[in-house]
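Structural description and commentary
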Amino acid sequence: MEIIIQPTPEAASAIAARMVGRLLGEKPDAVLGLATGSTPLLLYRELVQMKLDWSCVTTFNLDEYVGLASDHPASYHRFMWENLFRHVNIAEKNVHIPDGLVQDIPRFCRRYEMMIRVAGGIDIQLLGIGSDGHIGFNEPSSSLASRTRIKTLTEQTRAHNAAAFGGREQVPHHVITMGVGTIMDTRQVLLMAFGPDKARAVAEAVEGPITAMNPASILQLHPVAKIVLDEAAATHLRKADYYRWVYDNKPNWQKV
Ligand code: GLP
């Protein structure tokens, strides 16, 4: 794991944007795994400003609420089009987001996994983290080998996401999410976390034991996982000084 601690979310997002920009420069037909939530918003804004060529890029989003139409204001479809896709030259046919209205969910999930394989696998997977350690919507106790499937949200996650729905009662209980195993199959992972509410989950994920009670902790087994934090999200890391030194003293050829 590479832990990158930056003073602000802006500085952290600029580093993440450079990583994605470099990938698209090297591989114009890259396959991106995308995340929603407040954390990647600055990154998406930065990527839009970079005026990259998205014409050959393919994307797969992590998750969507069951029961929400793609034009629902709180849907992740809407989030992605508002915050990224409509500002770049991506081909609509190359955008994949789980369908919240699909009737046969298990069949849809199998197809989603197959589409990722057919696209050649995900080159870089962007992730946020829940304050309980969830990645995508893989809540604590999720199988660390899970594939895309239906999941039930915890009350903590429903409360966290309530604002977008105008109240917790409106937040669906069920979601479709890529599995932890699906995320582990990606070639590179870039997890971002900002703010004090994430500090505990981040410390457990990075320095705690690998456990299904903090699904992000499985990233310790990912061969190329970068964890990009602001200072507030890094406050509980015991080895923070070591991570800072490592990053500040990287050989030039390793720098992003
Ligand atoms: C949501 C999403 C996750 C996201 C996380 C944190 O429920 N499904 O992909 O990483 O919770 O959200 P935020 O970035 O708003 O803190």
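Report follows, based on the coordinates. What you see is a predicted model; the values in this text were computed from it and never measured. (Residues numbered from 1 in each chain as written. Predicted model: local features only at pLDDT ≥ 70, side-chain atom pairs only at ≥ 80, totals over all residues. Heavy atoms only, no water.)

Considerations on a nonpolar patch on the surface
- A grouping of Y242, W245 and V246 is seen on the molecular surface, where their side chains present a nonpolar patch of about 360 Å² in accessible area.
- Within the fold, V246 resides in helix 8 (residues 240-248). (Patch = residues over 30% accessible without salt bridge, like charges linked within 9 Å, V, L, I, M, F, W, Y side chains within 5 Å. Areas by Shrake-Rupley, 256 points an atom, 1.4 Å probe, with all protein chains shown as cover. Salt bridge = Lys/Arg side-chain N within 4 Å of Asp/Glu carboxyl O. Helix = DSSP H or I, 4+ residues; strand = E, 2+ residues; numbered from the N terminus.)

What to know about the sheet that holds strand 1 (residues 2-6)
- Strand order in the open sheet formed by 7 strands is 1-10-9-6-2-3-5, with parallel pairing between adjacent strands. In the strand order of this sheet, the two ends are held by strand 1 and strand 5 (95-96), each with one partner.
- Both strand 6 (residues 124-127) and strand 9 (residues 189-193) contribute to a ladder of 3 bridges, which runs parallel. Paired with L127 across the two strands is L191, which belongs to strand 9.
- Strand contacts of helix 4 (residues 105-118): strand 3 (58-61) and strand 5, with the helix running at about 150° to strand 3, the strand carrying the most contacts. (Pairing = 2+ DSSP bridges. Contact = heavy atoms within 4.5 Å. Axes fitted to C-alpha atoms, helices over the stretch in contact; angles between N-to-C directions.)

Remarks on the pairing of strand 8 (residues 174-177)
- Relative to strand 8, strand 4 (residues 63-65) runs antiparallel, the two being bridged by 3 bridges. If you follow E64 over to strand 8, its bridge partner there is I176.
- Bridge analysis of strand 7 (residues 149-152) against strand 8 gives 4 bridges, and the strand direction is antiparallel. When the bridges of strand 8 are listed, T152 appears paired with H174.

Points about the site of the ligand
- S38, T39, D63, F137 and K198 are the nearest of the 14 residues found near the ligand.
- At a separation of 3.2 Å, a nitrogen atom of the ligand approaches a polar backbone atom of G136.
- N161 places a side-chain nitrogen or oxygen 3.1 Å from an oxygen atom of the ligand.
- When the ligand is considered free in solution it has 390 Å² of accessible area, and contact with the protein chains removes 95% of it.
- With respect to the pocket detection grid, the ligand is positioned in the largest pocket.
- The class makeup of the residues in the shell around the ligand is 3 nonpolar, 9 polar and 2 charged. (Near = heavy atom within 4 Å. Polar contact = N/O pair within 3.5 Å; in protein donor to acceptor, adjacent residues only side chain to side chain. 1 Å grid on protein atoms, 1.4 Å probe; cavity = no way out; pocket = protein on both sides within 12 Å on 5 of 7 lines; lining within 4 Å. Sits in = over half its atoms within 2 Å of the grid points. Nonpolar A, V, L, I, M, F, W, Y, C, P; charged D, E, K, R; others polar.)

Focus: unusual backbone geometry
- Phi is positive for K51, which is not a glycine, with a value near 50°.
- Judged by relative accessible area, K51 falls into the exposed class, the value being 72%.
- In this model, S141 sits at a positive phi of 90°, which is unusual for a non-glycine residue.
- In this structure S141 comes out as exposed when scored by relative accessible area, which is 51%. (Buried < 20%, exposed > 50% of the residue type's maximum accessible area, 1.4 Å probe, protein only.)

A short note on the packing of aromatic side chains
- Within the structure shown, the criterion is met by 8 aromatic pairs.
- Ring plane angle 85° and centroid distance 5.7 Å describe the contact between F60 and Y112, whose orientation is recorded as edge-to-face. Taken together, the residues F60 in strand 3 and Y112 in helix 4 connect sequence positions 52 residues apart.
- Ring geometry for F108 and Y112: centres 5.8 Å apart, planes at 25°, overall stacked. Linking F108 with Y112, this pair stays in helix 4, spanning 4 residues, or about one helical turn. As far as the burial class goes, F108 and Y112 line up, both buried.
- The rings of Y65, Y76, F137 and F165 are connected pair by pair, giving a single aromatic cluster. (Phe/Tyr/Trp six-rings, centres within 6.5 Å; stacked < 30°, edge-to-face > 60°.)

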